[in-house]
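Structure at a glance
Residue-level listing of the chains:
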Amino acid sequence: MKRLLQIGFDLSLLSFIPVLSWFLLGITIDKNLINIFTLTYPLQFIYYILKSVFSTGANISKEKDKNNNAVMSGIVVGSIISIVIFSIVILNIDNYIHFMNMDISIYKTFTIYSVLQLFLSLEFAMSLNKLYYEEKNELANTYSLIFNLLNFVLLIGTSLITKNQNMIVIITLVPLALFTLFIMIKNSNKFKFKLNIFNCIKYDSVELFNSIAFFLIFLFGLKNALEFGEEYALALTFIALITDTQWDTAEAIVTIAKIDISKNHFNYKIHRRNAYKLIGLVFSTSLIMFGLLYGFYDLDFKLTMIYFSFEIINFIIYPIYKIKTCYLQLEWSAFKMTSNKIISSMLRMIMSLLKNPFCTGIGQVFSSIYQFITVSIFFKSNYTVDKIGNVIPKKKDNA
């Protein structure tokens, strides 16, 4: 449970500080800036796509393929590809803002900041992931705390001194970039380039295709949802703000499961019990944020609760199907689990294209229930769990 909380703490910092930053920038600079959270939300999944292949997949490859060069090779290749992709986004930032039906003149500067900050977070996260797989959790958490506090203090501190948006962005990002570069160099190792991209994709293929699907789902789904008016947009954004950090924290369940499975230290009952303890903790923080922040916005209670109900359902079933998915992917069939995830993502994507203000929430719940049912069937058909939590393969009849 301690490791789960440590990694969950780090993952929550990566999203909590940006969420808090947008709240405060709305107070110090322009109240409209809070909407950048929604505006750039789809782009977060570019971060997850690249991290999945070149960080998580590479770290698992080191353990399972005994390739000690995989991690550093992944970081170098991932960094190069990241620079190319995020540069393309920056060069087309006006078109992106226009596509999302928002005002370029209001949002351009801080949208650029958000994209660049996301790029730096990716580079930083690849170094942290390396430390996690080396079981240097406390060091990783220290780095994470410094990174996020540095970002927050520079951003909000500068906004209190000057209202020049370009100056705020430059003063914040330059030191952050230098610190990120320092951490990457400090934690690098000598290596020979050796990277099996196919295995890197295979070992984290479920999360990879999940992130690709989420990018498309939220890109078009949020665009559709925002067409129904301000009260829907506000309710959707509010619920996203009070649950986004919690979902990032919950990703620790997946991270710990993959580490223990790859090292043959996995116990299903312990992981499930700890996962629900973490979910209970993060959900309680969402309730607290709901109570504290609801009064600051002119929200429609009914609409807000509808959006919140989707999140509650997903919180309840998330631990079981996620833990089983990790196990089945690494120990049973990566191909079958990825195919199953693609099907669920396609169903969710189709629903996100519906002209309905709740399309993203409906799609999310439908996808989760589908995965919960199918993954449970796959797991029960191939494995049993003994009294202490060990997963035992079922014997196949030789008919």
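Quick look at the structure, then. Per chain, residues are indexed from 1 in the order of the written sequence. The predicted nature of this model means local features are confined to residues of pLDDT at least 70 and side-chain atom pairs, given and counted, to a pLDDT of 80 or more, with totals for whole chains, interfaces and linings taken over all residues. Only hydrogens and water are set aside; all other atoms, that is, all heavy atoms of the structure, feed into the side-chain values.

1. Considering the overall build of the chain
- From N to C terminus, the chain includes 15 helices and two strands.
- Radius of gyration means the value over C-alpha atoms here, while the globule rule gives 2.2 Å times the residue count to the 0.38 power. Against the globule reference of 21 Å for 399 residues, the chain gives a C-alpha radius of gyration of 21 Å, in line with a compact fold.
- With respect to the three principal axes, the spread of C-alpha positions in the chain is 70 × 55 × 35 Å.
- For each residue, the accessible area found with a 1.4 Å probe, counting protein chains only, is set against the maximum for its type, and the residue is called buried under 20%, exposed over 50%, and partly exposed in between. Buried positions account for 57% of the 399 residues belonging to the chain.
- Taking contacts inside the chain between residues at least 6 apart in sequence as the whole, the part at least 24 apart equals 81%.
- The Shrake-Rupley method, run with a 1.4 Å probe sphere, supplies the accessible areas, and residue values consider only the shown protein chains as cover. When the accessible surface of the chain is split by element, carbon and sulfur atoms take 67% of a total near 17,600 Å².
- Taking the average location of the 35 positive side-chain charges in the chain and that of its 25 negative ones, the two points are 10 Å from each other. Segments assigned H or I by DSSP are reported as helices when at least four residues long, segments assigned E as strands when at least two residues long, and all are numbered from the N terminus. What makes two residues a contact is simply this: any of their non-hydrogen atoms within 4.5 Å. Here Asp and Glu are counted as negative and Lys and Arg as positive; His is not counted, and neither are the chain ends. Where a charge lies is defined by one atom per residue type, namely NZ (Lys), CZ (Arg), CG (Asp) and CD (Glu).

2. Things to note about the layout of surface pockets
- Considered as a void within the structure, the largest pocket measures approximately 770 Å³ in volume.
- Both site types are read off a 1 Å grid over the protein atoms alone. A 1.4 Å probe that fits but cannot get out defines a cavity, while an open set with protein on both sides within 12 Å along at least five of seven lines defines a pocket; lining residues have an atom within 4 Å of a point. Lys31, Ile34, Asn35, Leu234 and Tyr297 are the residues nearest the centre of the largest pocket, which is lined by 25 residues in total.
- Of all elements in the fold, only helix H1 (2-28) and helix H11 (230-262) reach the threshold of two or more residues within the lining of the largest pocket.
- When grouped by side-chain class, the residues that make up the lining of the largest pocket number 15 nonpolar, six polar and four charged. Grid points are joined across faces, edges and corners, and a volume is the space filled by probe spheres set on the points. Residues are grouped as follows: nonpolar covers Ala, Val, Leu, Ile, Met, Phe, Trp, Tyr, Cys and Pro; charged covers Asp, Glu, Lys and Arg; every other residue, Gly included, is treated as polar.

3. Some words on a negative patch on the surface
- A cluster of like negative charges, contributed by Glu230, Glu231, Asp298 and Asp300, occupies part of the molecular surface.
- Looking at the secondary structure, you find Asp300 in the loop between helix H12 (268-293) and helix H13 (301-331).
- By relative accessible area, which is 30% here, Asp300 ends up partly exposed. Each patch is built from salt-bridge-free residues with over 30% relative accessible area, joining like charges within 9 Å and nonpolar side chains (Val, Leu, Ile, Met, Phe, Trp, Tyr) within 5 Å. Think of a salt bridge as a Lys or Arg side-chain nitrogen and an Asp or Glu carboxyl oxygen that are within 4 Å of each other.

4. Considerations on the environment of Asn274
- Examined against the element boundaries, Asn274 turns out to sit in helix H12.
- With relative accessibility at 11%, the residue Asn274 sits in the buried group.
- Between the C-alpha atom of Asn274 and that of Ile253, which follows or precedes it by 21 residues, the distance is 8.4 Å.

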